[in-house]
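# Structural overview for review
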Protein chains: 2
Amino acid sequence: MYELTIDLNSKSPLYEQIYEFIKEEIKSRRIECKTKLPSTRALAEHLQVSRSTVDMAYTQLISEGYIESVPYKGYYVSEVSLLYNFRGTDEKIDIKDEEEDKKDVIDFSPWGIDLENFPFNTWRKISKNLLSSNNKELFVAGNSRGEFELRKTLASYLYEARGVHCSPDRIILGAGNEYLLMLLNQLMDIKPVIAMENPTYLQAYSVFKKNGNQIIPITMDKNGMMVKELRKSNANIAYVMPSHQFPMGTVMPIKRRIELLEWTNEADDRYIIEDDYDSEFRYKGKPIPALQGVDGSDRVIYMGTFSKSIAPSIRMSYMILPDKLLDDFNRNMSFYSQTVSKMDQLIINEFIKGGYFERHLNKMRSVYKSKHDLLISLFKENKDIIKISGENSGLHILINVNNSMSEEKLITRAKNEGICVHGLSEYYIEKPHFYKGTIILGFANLSEDEIIKGVKKLKKAWLIK
Amino acid sequence: MYELTIDLNSKSPLYEQIYEFIKEEIKSRRIECKTKLPSTRALAEHLQVSRSTVDMAYTQLISEGYIESVPYKGYYVSEVSLLYNFRGTDEKIDIKDEEEDKKDVIDFSPWGIDLENFPFNTWRKISKNLLSSNNKELFVAGNSRGEFELRKTLASYLYEARGVHCSPDRIILGAGNEYLLMLLNQLMDIKPVIAMENPTYLQAYSVFKKNGNQIIPITMDKNGMMVKELRKSNANIAYVMPSHQFPMGTVMPIKRRIELLEWTNEADDRYIIEDDYDSEFRYKGKPIPALQGVDGSDRVIYMGTFSKSIAPSIRMSYMILPDKLLDDFNRNMSFYSQTVSKMDQLIINEFIKGGYFERHLNKMRSVYKSKHDLLISLFKENKDIIKISGENSGLHILINVNNSMSEEKLITRAKNEGICVHGLSEYYIEKPHFYKGTIILGFANLSEDEIIKGVKKLKKAWLIK
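Residues numbered from 1 in each chain as written. Chains lettered and ligands numbered in written order. Predicted model: local features only at pLDDT ≥ 70, side-chain atom pairs only at ≥ 80, totals over all residues. Heavy atoms only, no water.

### Quick word on the interface of chain A and chain B
Worth spelling out the cut-off: For this analysis, residues touch if any pair of their heavy atoms sits within 4.5 Å. Here's the idea: put two parts together, see how much 1.4 Å probe accessible area each one loses, and the total over both is what we call buried area. A pairing counts as a salt bridge when a side-chain nitrogen of Lys or Arg comes within 4 Å of a carboxyl oxygen of Asp or Glu. Any pair of N or O atoms that falls within 3.5 Å is considered a polar contact. Within protein, one atom must be able to donate a hydrogen and the other to accept it, and sequence-neighbouring residues count only if both atoms are side-chain atoms. Here the nonpolar group is Ala, Val, Leu, Ile, Met, Phe, Trp, Tyr, Cys and Pro; Asp, Glu, Lys and Arg are the charged ones; every other residue, Gly included, is treated as polar.
Between chain A and chain B, the contact holds 107 residues from the first and 107 residues from the second. Buried area between chain A and chain B, both sides added, is near 9200 Å², and the carbon and sulfur share of it is 60%. Residue Glu116 of chain A pairs with Lys136 of chain B through a salt bridge whose shortest N-O separation is 2.5 Å. Joining chain A to chain B, the criterion identifies 26 residue pairs in polar contact (both at pLDDT 80 or more). In the side of chain A that touches chain B, the residues fall into 43 nonpolar, 31 polar and 33 charged.

What follows is the structure, encoded as structure tokens:
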């Protein structure tokens with residue numbers, strides 16, 4: 001009979017202790033395969049527990065397959081392959097803490113945003129209201145393209161703010177641009193050959209690459225992607241950022257936009273992906289309307305996100321599909337569930353409909369404008385050495401430093417002063433032959449003091465008076 | 001000079017009216033390319049507005065590329081290709097409402113869950129607390145694998161509740177299983193050939209298919225996927241649901257699990273994907289521990305979700321990678337941003353850590369158990385005609401109806417009574433030669449009254465006394 005001691009003080013129920021004990025005996029081979037176990041009655045007596053307790057233990061062992069019940073005979077240990085070495089279930093798990101210590105550097109990252117001015121109260125109010133109604137609808141699986149209410153709100157917002165033309169049914173929400181690009185990739189019935197501006201947004205580049213697409217870097221001139229070069233390529237998709245190219249900051253003029261649209265009409269199945277990632281922030285005049293708005297032949301796939309305009313941690317992007325692709329999507333891809341939680345969708349919907357988003361954008365535009373203006377003003381005495389470009393829009397500027405230091409040297413010397421800056425060269429798919437070192441200065445997540453302090457240190461590092 | 005009337009009552013600023021007017025003139029070709037525009041001074045006088053107003057309008061037209069400024073000469077309309085037909089910006093957008101009217105049918109769907117018992121108050125409390133602190137961290141871009149705190153919480157929960165062995169760094173969060181499967185697909189450096197139980201969870205099947213994988217259906221016996229047949233195939237990945245196979249409800253006994261694990265060791269780069277989608281709900285004894293917990297050679301990719309245990313609209317799943325795949329992920333895939341919003345991650349973290357999740361699961365287990373028991377009891381007088389299988393676990397059961405009606409007929413006759421039921425045949429990749437019509441009855445989202453009413457109507461439809 002088994003040496004099983006039952007600890008009446010133990011948290012786990014009796015039947016579980018019996019089950020655990022016998023399971024371990026079997027796993028450790030202390031009980032041989034095919035061994036007959038005592039009847040529930042016998043074991044119950046032996047252990048001084050109720051028979052039903054033993055019953056439950058045996059039932060669990062049966063359902064997990066450790067033992068078998070043979071009618072009219074009793075319970076037998078199953079033939080569990082002896083070859084296999086089990087992992088010990090009492091193995092310790094070591095949890096190494098991943099939190100990396102934040103260093104005291106000033107980071108001119110182009111990726112950050114200003115969160116000092118995040119509308120916490122509004123956000124709190126909206127989510128409170130949504131939850132207070134015990135609204136079950138909040139937690140039922142939603143529309144695979146996204147909540148209709150939100151798509152309706154988005155459609156009119158994009159029409160008003162970006163000149164984008166679409167009905168809600170053409171909008172597809174997703175948890176970030178990268179995910180939407182993955183969907184797009186599966187949506188295309190032709191093998192995508194993707195032309196990208198060089199330099200470009202590397203996140204998108206990596207997604208296209210990882211999804212096995214051929215990518216063709218296209219040179220940019222002051223007006224953006226060079227359509228002549230695009231025509232020479234075998235690309236069928238052009239990925240562009242016409243309102244404010246990342247990282248160059250180029251605004252694509254209407255003429256180039258139209259050349260691009262004409263290119264799509266010179267062959268079947270050609271598309272433009274317009275990534276309108278930060279168009280909300282323009283500091284001179286009004287935002288540049290989207291390319292999609294002038295597309296007469298339904299060739300533009302428009303993409304937008306709330307990462308810059310609200311917060312990066314809110315994983316919500318949207319794409320607007322041309323009719324043909326939309327049909328394909330509805331036919332072949334609608335089995336994909338929506339990836340954005342309904343709660344977030346409804347919060348954003350209220351945020352836009354309630355006019356909070358517009359107010360927030362106006363506020364942020366002025367916050368960013370003053371940071372932008374400050375940063376530029378700090379270099380105004382250095383016009384001879386420092387050439388600024390990509391200004392008046394977005395959350396970063398570019399500077400060329402003509403002090404005979406290489407880009408690499410500029411970065412390392414800044415680093416030694418406790419300043420983190422990035423080089424434009426990071427963003428090239430193919431680095432051009434005549435590359436002039438260029439530094440990217442993001443200003444969104446820095447306070448005005450940090451900007452002043454940072455620039456002072458940069459000048460020191462770069463030996464600029 | 002231009003026929004421009006300025007509406008001082010209009011909401012849009014003067015400069016914008018001028019800009020819009022000239023833009024339309026150019027687009028509509030009423031002003032020819034290369035035409036010289038009046039000087040800002042001249043136009044300002046003509047319109048009786050300040051010169052800076054006209055300046056702003058011109059600047060906007062320049063930045064969008066409609067006009068060009070030629071030094072010492074003035075402003076000229078750019079050469080905008082005449083070939084191109086613009087889309088009219090005043091085009092109306094028709095918004096058709098997508099809300100489909102909910103019909104009054106009783107739906108025995110296997111996909112729903114019970115939301116009557118959703119812990120609204122807890123949820124409200126947790127999200128309120130998180131937001132009340134004006135915690136900026138909530139909105140900063142987070143860890144690409146998911147918040148460390150949550151992964152730490154998950155690791156110990158999965159160890160306690162599912163016998164899963166992992167450290168937090170091996171957990172990768174994502175907005176739903178489908179997304180995680182897409183990532184997995186990109187992660188594999190070998191071409192995945194995927195063996196799936198037949199019948200299986202078609203959502204996963206569709207994702208694998210869409211991602212261009214070869215899929216091999218493997219016959220199931222009463223213990224699950226037949227390893228003999230798996231061995232004969234050239235599959236390198238086996239996708240299984242050992243705790244409670246969907247749709248069959250099979251629990252894979254330890255012996256079959258070990259055979260499966262042995263199969264992975266018979267060649268390099270073989271993996272098991274264990275989808276543990278609804279293991280929390282077992283109504284007889286305790287939950288069946290995960291296969292991953294007995295895997296001694298690090299071949300199991302474990303996947304779980306909160307869709308069943310909390311709510312489908314919360315798009316949060318997780319996968320636990322074997323070390324080799326984890327290294328590959330960190331090396332090649334970490335550029336993908338996390339797809340679950342940080343807010344949702346932190347809510348779930350509090351929900352689990354605070355003990356609310358366990359309480360919720362216990363409550364739901366008893367709620368579902370009574371629905372499950374009720375549903376089964378309603379057929380107890382019909383043992384001769386109705387054979388029940390896949391019971392004691394999950395949110396659905398299977399029934400064979402031996403009344404000489406085909407599956408199709410059973411479904412349509414139910415439909416005519418206002419009852420929606422699904423046939424098992426929907427879930428086969430390849431329908432077996434000797435297929436016996438089987439009906440799936442999900443009970444989670446139905447009230448006990450609806451279950452009673454529904455079964456009564458089913459019996460009527462199926463001519464069962």
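Read on for the rest.
### Remarks on the relation of the copies chain A and chain B
We apply this condition: Each copy is superposed on the other by least squares, with the fit set by C-alpha atoms of residues at a pLDDT of at least 70 in both.
Superposition record for chain A on chain B: RMSD 0.0 Å, screw rotation 180 degrees, translation along axis 0.0 Å. With respect to symmetry, the two chain copies, as superposed, fit the operation of a two-fold axis. Here 99% of the interface residues in chain A have copies in chain B that are interface residues too; the copies meet face to matching face.

### Some words on the confidence of the model for chain A
Residues and elements named next belong to chain A. Convention followed: Scored from 0 to 100, pLDDT records how confident the predictor is in each individual residue.
Looking at chain A, pLDDT values average 89 and 93% of them are 70 or higher. Predicted confidence is poor over residues 82-92, with pLDDT under 50, and the contacts of this stretch with residues over four places away or in other chains come to 32 contacts. Across the predicted assembly, pTM comes out at 0.87 and ipTM at 0.85.

### A short note on the nonpolar core
Keep this limit in mind: Residues belong to a common nonpolar core when they are buried Ala, Val, Leu, Ile, Met, Phe, Trp, Tyr or Cys residues joined through side-chain atoms within 4.5 Å. Using a 1.4 Å probe on the protein chains alone, a residue whose accessible area is under 20% of its type maximum counts as buried, one over 50% counts as exposed, and one in between counts as partly exposed.
Core analysis: the largest hydrophobic core is formed by 140 residues, its most contacted members being Trp462 of chain A together with Trp462 of chain B. In this structure Trp462 of chain A touches Ile399, Val401, Asn403, Met405, Leu410, Ala414, Val421 and Ile439 of chain A, once residues within four positions along its chain are discounted. Counting residues in hydrophobic clusters, the runner-up holds 78 residues, among them Tyr205, Val207 and Phe335 of chain A together with Tyr179 of chain B.

### Quick notes on the pairing of strand S6 (residues 214-221) of chain B
Residue and element names in this part refer to chain B. Our working rule: Strand pairing is assigned whenever DSSP identifies at least 2 bridges connecting the two strands. By definition, any uninterrupted DSSP run of H or I lasting at least four residues is a helix, any uninterrupted run of E lasting at least two residues is a strand, and each is numbered from the N terminus.
The pairing of strand S5 (residues 193-198) with S6 spans six bridges and is parallel. When the sheet's bridge partners are listed, Ile194 is paired in S6 with Ile215. Looking at chain direction, S6 and strand S7 (residues 224-225) are connected through two bridges and run antiparallel. For Asp221, the partnering residue across the bridge sits in S7 and is Gly224. Between S6 and S7, which follow one another and run antiparallel, lie two residues.

### A closer look at the environment of Ile215 of chain B
Residue and element names in this part refer to chain B. Locating Ile215 in the fold gives a position in strand S6. The class for Ile215 is buried, based on a relative accessible area of 12%. Along the chain, Ile215 and Ala238 lie 23 residues apart, while their C-alpha atoms are 9.8 Å from each other. The contacts of Ile215, once residues within four sequence positions are left out, are Ile194, Met196, Tyr205, Phe208, Lys209 and Ile429.

### Points about the sheet that holds strand S16 (residues 439-442) of chain B
Residues and elements named next belong to chain B. One open sheet accounts for four strands, arranged S12-S13-S16-S15; its pairing is antiparallel. This sheet does not close on itself; its edge strands, each paired only once, are strand S12 (386-389) and strand S15 (422-423). Pairing geometry for strand S13 (residues 396-401) and S16, over four bridges, is antiparallel. Counterpart to Leu398 in the pairing with S16 is Ile440.

### Some points on the side chain of Thr200 of chain B
Tracing the backbone shows Thr200 of chain B in the loop between S5 and helix H7 (202-210). Owing to a relative accessible area of 0%, Thr200 of chain B belongs among the buried residues under this scheme.

### Concerning the packing of aromatic side chains
Defined as follows: Whether two aromatic rings pair depends on their centres lying within 6.5 Å, for rings of Phe, Tyr and Trp, where Trp uses its six-membered ring; planes under 30 degrees apart make the pair stacked, over 60 edge-to-face, and the rest tilted.
The full count for this structure, using the stated rule, is 45 aromatic pairs over all chains. Ring geometry for Tyr201 of chain B versus Phe246 of chain B: centroids 6.3 Å apart, planes at 85 degrees, classification edge-to-face. Pair noted here: Tyr201 of chain B is in the loop between S5 and H7 and Phe246 of chain B is in the loop between strand S8 (237-240) and helix H9 (254-265), with a separation of 45 residues, a long-range link. Owing to a relative accessible area of 2%, Phe246 of chain B belongs among the buried residues under this scheme. For the ring pair Phe246 of chain B and Tyr277 of chain B, a centre distance of 6.1 Å and an interplane angle of 90 degrees mean the geometry is edge-to-face. Here Phe246 of chain B is found in the loop between S8 and H9, whereas its partner Tyr277 of chain B is found in the loop between strand S9 (271-275) and strand S10 (300-305), with 31 residues between them in sequence. Among the aromatic side chains, those forming a connected cluster through ring pairs are Phe118, Phe120, Trp123, Tyr157, Phe306, Tyr318, Phe351, Tyr356 and Phe357 of chain A together with Phe139 of chain B.

### Considerations on the packing of helix H6 (residues 177-187) of chain A against helix H6 (residues 177-187) of chain B
Using the following cut-off: Working convention: axes come from line fits to C-alpha atoms, limited for helices to the stretch in contact. Angles between N-to-C directions cover 0 to 180 degrees. In this scheme, roughly parallel covers angles under 35 degrees and roughly antiparallel covers those over 145, while 65 to 115 is roughly perpendicular and the rest are oblique.
Relative to each other, H6 of chain A and H6 of chain B sit at 75 degrees, their axes nearing to 12 Å. Of the possible angle classes, the one that applies to H6 of chain A and H6 of chain B is roughly perpendicular. On the side of H6 of chain A, the interface is formed by Tyr179, Met182, Leu183 and Gln186 of chain A, while H6 of chain B contributes Tyr179, Met182, Leu183 and Gln186 of chain B. Looking at the contact of H6 of chain A with H6 of chain B residue by residue, the class counts come to six nonpolar, two polar and no charged.

### Side note on a negative patch on the surface
Quick note on the threshold: Patch definition: residues with relative accessible area over 30% and no salt bridge; like charges joined within 9 Å; nonpolar side chains (Val, Leu, Ile, Met, Phe, Trp, Tyr) joined within 5 Å. The Shrake-Rupley method, run with a 1.4 Å probe, gives the accessible areas here. Residue values count only the displayed protein chains as cover. Counted as positive: Lys and Arg. Counted as negative: Asp and Glu, with His and the chain ends omitted from the count. To locate a charge, take NZ of a lysine, CZ of an arginine, CG of an aspartate or CD of a glutamate.
On the surface, a cluster of negative charge is contributed by Asp104, Glu448, Asp449 and Glu450 of chain A. For Glu450 of chain A, a relative accessible area of 31% corresponds to the partly exposed category.

### Re the side chain of Arg170 of chain A
As for its placement among the helices and strands, Arg170 of chain A is situated in the loop between helix H5 (148-162) and strand S4 (171-174). With residues up to four places along the chain from it excluded, the contact list for Arg170 of chain A reads His165, Gln292, Asp298, Met319, Ile320, Leu321, Pro322, Asp323 and Leu326 of chain A.

### Description of the sheet that holds strand S12 (residues 386-389) of chain A
Pairing in this open sheet of four strands is antiparallel, and the strands run S12-S13-S16-S15 (chain A) from one edge to the other. A strand with exactly one partner marks an edge of an open sheet, and here the two such strands are S12 and strand S15 (422-423) of chain A.

### Considering unusual backbone geometry
The step from Phe246 of chain A to Pro247 of chain A runs through a cis peptide bond, and the omega angle for that step is 0 degrees. With respect to the helices, strands and loops of the structure, Pro247 of chain A is situated in the loop between strand S8 (237-240) and helix H9 (254-265). With an omega dihedral of 5 degrees, the bond running from Asn198 of chain B to Pro199 of chain B counts as a cis peptide bond. Looking at where Pro199 of chain B falls in the secondary structure, it is placed in the loop between S5 and H7. The residue Asp269 of chain B is not glycine, and still its phi comes out positive at about 55 degrees.

### What about a positive patch on the surface?
There is a patch of like positive charges on the surface, built from Lys34 of chain A together with Lys228, Lys232 and Lys255 of chain B. Structurally, Lys255 of chain B can be placed in helix H9. With relative accessibility at 34%, the residue Lys255 of chain B sits in the partly exposed group.

### Here's the deal with the pattern of salt bridges
Summed over all chains, the structure comprises 38 salt bridges over all chains. For Glu417 of chain A, the salt bridge is made with Lys460 of chain A, and the minimal N-O distance between the two is 3.2 Å. In this pair, Glu417 of chain A is assigned in the loop between helix H13 (407-416) and strand S14 (419-420) and Lys460 of chain A in helix H14 (residues 448-461), connecting sequence segments 43 residues apart. The salt bridge partner of Glu137 of chain B is Lys342 of chain B, with a shortest N-O separation of 3.8 Å. On the criterion of sequence distance, the pair formed by Glu137 of chain B in the loop between helix H4 (120-132) and helix H5 (148-162) and Lys342 of chain B in helix H11 (residues 342-353) is long-range, its members being 205 residues apart.

### Some words on the packing of helix H11 (residues 342-353) of chain A against helix H12 (residues 356-377) of chain A
All names here are of chain A. Packing of H11 against H12 brings their axes to within 4 Å, and their N-to-C directions diverge by 75 degrees. With respect to H12, the axis of H11 lies roughly perpendicular. Seen from H11, the contacting residues are Glu350, Phe351 and Ile352; seen from H12, they are Tyr356, Phe357 and His360. A per-class count over the contact of H11 with H12 returns four nonpolar, one polar and one charged.

### With respect to H5 of chain B
All names here are of chain B. To keep it simple, the criterion reads: By this rule, a helix spans an expected 1.5 Å times one less than how many residues it contains.
A rise of 1.5 Å per residue sets the reference length of H5, with its 15 residues, at 21 Å; its end C-alpha atoms lie 20 Å apart and thus fit the reference within 8%. Where H5 is concerned, the buried positions are Phe148, Leu150, Arg151, Thr153, Leu154, Ala155, Tyr157, Leu158 and Arg162. Positive backbone phi, approximately 65 degrees, marks Gly163, located one or two places after H5.

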